[in-house]
Amino acid sequence: MKKEISFTLNNEKVMVEVDPKWTLLHVIREVLEMTGTKEGCGYGECGACTVIVDGKAVDSCLYPVMEAEGKVITTIEGLAAKTGGLDPVQAAFVKEGAIQCGFCIPGMIMSAKALLDEKPAPSDDEIKESIEGNLCRCTGYVKILDAVKSIAGGR
């Protein structure tokens, strides 16, 4: 039996009918048709599905949709400015060449964004810890770390 829930998604109030067994990822991709958040492993191991819920990076593939009731959720689509400009984290990834195939990048960016929103000048270890749940098979991590460092406290 479906239930109706509401939450704020990318600064807009959303009301949606959901099956309580669904994950937040399913609702974002299949119901709301926002495909920037990727489905990778489906077990919380790769981080491709990372979104920000109430300021914290979470694996949306493991997040029960009923837990989203009343929460503030940001996906990769929610980072861009209304004018279409990139968020500084997105721009840093482009500038530093931290994007190859791009599959893992939305999750990487959302993990980095959650860290930088909470702690604008994190240490190198804190940056590494923030993205340790995100797997990248293309770039390695040097350029990704460089991108986050480039905007972390103006380094």
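Residues numbered from 1 in each chain as written. Predicted model: local features only at pLDDT ≥ 70, side-chain atom pairs only at ≥ 80, totals over all residues. Heavy atoms only, no water.

### Some details on the pattern of salt bridges
1) Next: Scanning the entire structure with this criterion turns up five salt bridges.
2) Next: Measuring nitrogen to oxygen at the nearest pair gives 3.2 Å for the salt bridge that ties Lys56 to Glu118. In this pair, Lys56 sits in strand E4 (residues 56-59) while Glu118 sits in helix H3 (residues 105-118), placing the two residues 62 residues apart along the sequence.
3) Next: The class of Lys56 is partly exposed, set by a relative accessible area of 47%.
4) Next: The shortest N-O distance in the salt bridge between Asp87 and Lys113 comes to 3.3 Å. With Asp87 in the loop between strand E5 (72-74) and helix H2 (88-95) and Lys113 in helix H3, this residue pair connects regions lying 26 residues apart in the sequence. Take Asp87 and Lys113: they sit in the same class, and that class is buried.
5) Next: Salt bridges here are not isolated pairs; linked through shared partners, they connect Asp87, Lys113 and Asp117. (Salt bridge = Lys/Arg side-chain N within 4 Å of Asp/Glu carboxyl O. Helix = DSSP H or I, 4+ residues; strand = E, 2+ residues; numbered from the N terminus. Buried < 20%, exposed > 50% of the residue type's maximum accessible area, 1.4 Å probe, protein only.)

### Some thoughts on the sheet that holds strand E2 (residues 12-18)
The strands that make up a sheet pair up through hydrogen bonds in the backbone, lying either parallel or antiparallel.
1) Next: Read across the sheet, five strands follow the order E2-E1-E5-E3-E4 without closing on themselves; strand pairing throughout is mixed. On the outer flanks of this sheet lie E2 and E4, each paired with one strand and no other. Taking each pair of neighbouring strands and ignoring which way they run, the sheet shows an average axis angle of 40 degrees.
2) Next: As paired elements, strand E3 (residues 50-53) and E4 share four bridges and run antiparallel to each other. If you follow Ile52 over to E4, its bridge partner there is Ala57.
3) Next: H3 rests against E3, E4 and E5 of the sheet, and its axis sits at about 30 degrees to E3. (Pairing = 2+ DSSP bridges. Axes fitted to C-alpha atoms, helices over the stretch in contact; angles between N-to-C directions. Contact = heavy atoms within 4.5 Å.)

Interpretation in functional terms is not warranted from these geometric data alone.
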